[in-house]
Amino acid sequence: MFNETVLLESKSLRESVAARTDVLDRVKALSLLPDGMHVTTAMVATYFQVGMEAIKSLVKDHRAEFESNGYRVLAGTELRSFKDLSGNPSHTATLALFSRRTVLNVAMLLRDSEVARQVRTYLLDAEYIARTQPVDNFVHTTPDPLDDRIDRRITHILGKAVVPMFNALIESSGEQRKELISLRDDVQRIERKLVQHDVRLVRLERVQGQRGLAGVMASIDGMNWREFEEHVAQLLRRDGCTDVEIHGGSGDRGADITGRTADGRRFVVQCKHWAPYRSVLSGEMQKFVGSKTLHAADVAVYAATCPFTSESLAIAAQAGITAVHRGLLETWSAGAMLEVLR
């Protein structure tokens, strides 16, 4: 599976997925200017929930790449013509415009935005499936299962018809604006769940009957402890968890990650990025039992890059803690979902 860092650092990978702008609307509706094609710097900042300076700094560092994806700055006659055609009331001497491809480009480079991270997650999921899907040269006479075709059709309609319809209604609505926004958000949540469900099924089918993807543990072993915590957090988000927050470091009260499962249960996670020859001892597990109680967690997960001693596993079983040892971590990272999160 692609690591988020690779997308942030690889221009060639960003170029290869630059056309997949549909992932933007899967995370959050992107409001466009009246021309239906562009957004301003302020609108991009609003979408990613960051300050305008963060966007301007990114443009400064990657301007050539952004321009290749449609970024441009209007001035003079060109700006006046654009204002007349689009109805934009801006009184500035220049106007920076971002195309949808450029907004996706921002998502691939913007580090300090949860919205950008979610876009990258969807993007990497789609790219992973596309690159690992085996080439099939046979002509099949049996169509896809009806349920799969229905799911894909519903997802397509929600993303291409229903959400844009709500966007149009919201723009022209008055008293019902809040209700329409709430309904649109509900539709987008359903769409995201369907996409996650489809991705999960593809992964599970690929993982079943075979060992985790080659190189998964090598990649994890190469992480530092902070990167490992972020990796586990991404797995939790991938599996439908919400409010995922990393607390790693001193003062975390034994909880490196907290949040809620897809069905609303409170969870707490302890992460240990240790060498494979070490083991999680009973004392370490006993401390985590206390952390589970302290955080009033319904679900507790102890994820480690090393084995657990038999004593620590016994304590985990008695306290209802899921011990994610090295082998299970590999399978989880390769796409399988932890049973406790279902």
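Since we're looking at a predicted model, the values are computed, not measured. (Residues numbered from 1 in each chain as written. Predicted model: local features only at pLDDT ≥ 70, side-chain atom pairs only at ≥ 80, totals over all residues. Heavy atoms only, no water.)

A. Representation of the confidence of the model for the protein chain within the structure. Averaged over all residues, the pLDDT of the protein chain is 79; the fraction at 70 or higher stands at 73%. Predicted confidence in the protein chain is weakest over helix H9 (residues 146–172), with a mean pLDDT of 61, and strongest over strand E7 (residues 299–304), with 95. This stretch, residues 135–143, has a pLDDT under 50; its non-local contacts, to residues over four places away or in other chains, come to 1 contact. Low pLDDT, under 50, characterises residues 206–214; the stretch is placed with 14 contacts to residues that sit more than four places away or in other chains. (pLDDT = per-residue confidence, 0-100. Helix = DSSP H or I, 4+ residues; strand = E, 2+ residues; numbered from the N terminus. Contact = heavy atoms within 4.5 Å.)

B. Layout of the pairing of strand E3 (residues 94–99). For E3, the buried fraction is high: 5 of the 6 residues fall into the buried class. With 2 bridges joining them, strand E1 (residues 38–39) and E3 adopt antiparallel strand pairing. Within E3, the residue paired with His 38 across the bridge is Ser 99. Where strand E2 (residues 72–75) meets E3, 4 bridges bridge the pair, whose relative direction is antiparallel. Bridge pairing in E3 links Ala 75 to Thr 94. (Buried < 20%, exposed > 50% of the residue type's maximum accessible area, 1.4 Å probe, protein only. Pairing = 2+ DSSP bridges.)

C. Representation of the pattern of salt bridges in the model. Counted by the stated rule, this structure contains 12 salt bridges. In this structure, Glu 67 and Arg 63 form a salt bridge, with 3.0 Å as the shortest nitrogen-oxygen distance. Pair noted here: Glu 67 and Arg 63 are both in helix H5 (residues 52–68), with a separation of 4 residues, about one helical turn. Looking at Glu 67, the relative accessible area reads 41%, which means it is partly exposed. When its relative accessible area of 38% is taken as the criterion, Arg 63 is described as partly exposed. (Salt bridge = Lys/Arg side-chain N within 4 Å of Asp/Glu carboxyl O.)

D. Molecular detail of the packing of aromatic side chains. Tallying each qualifying case throughout the model produces 4 aromatic pairs. Arranged with centres 5.4 Å apart and planes meeting at 85 degrees, the rings of Phe 288 and Tyr 302 form a pair that is edge-to-face. With a gap of 14 residues between them, Phe 288 in helix H13 (residues 282–294) and Tyr 302 in strand E7 connect regions that are remote in the sequence. The two residues Phe 288 and Tyr 302 agree in class, both being buried. An aromatic cluster is defined as three or more aromatic residues linked by ring pairs; in this entry it consists of Phe 288, Tyr 302 and Phe 308. (Phe/Tyr/Trp six-rings, centres within 6.5 Å; stacked < 30°, edge-to-face > 60°.)

E. Inspection of the sheet that holds E3 at higher detail. Strand order in the open sheet formed by 3 strands is E1-E3-E2, and the pairing between neighbours is antiparallel. Of all the strands in the sheet, the pair left with one neighbour each is E1 and E2.

F. How the structure looks around the environment of Ser 31. Residue position: Ser 31 is located in the loop between helix H3 (22–27) and E1. For Ser 31, a relative accessible area of 41% corresponds to the partly exposed category. Taking the C-alpha atoms as reference points, Ser 31 and Val 44, separated by 13 residues in sequence, lie 9.1 Å from one another. If we ignore the near neighbours within four places in the chain, the residues touching Ser 31 are Val 39 and Met 43.

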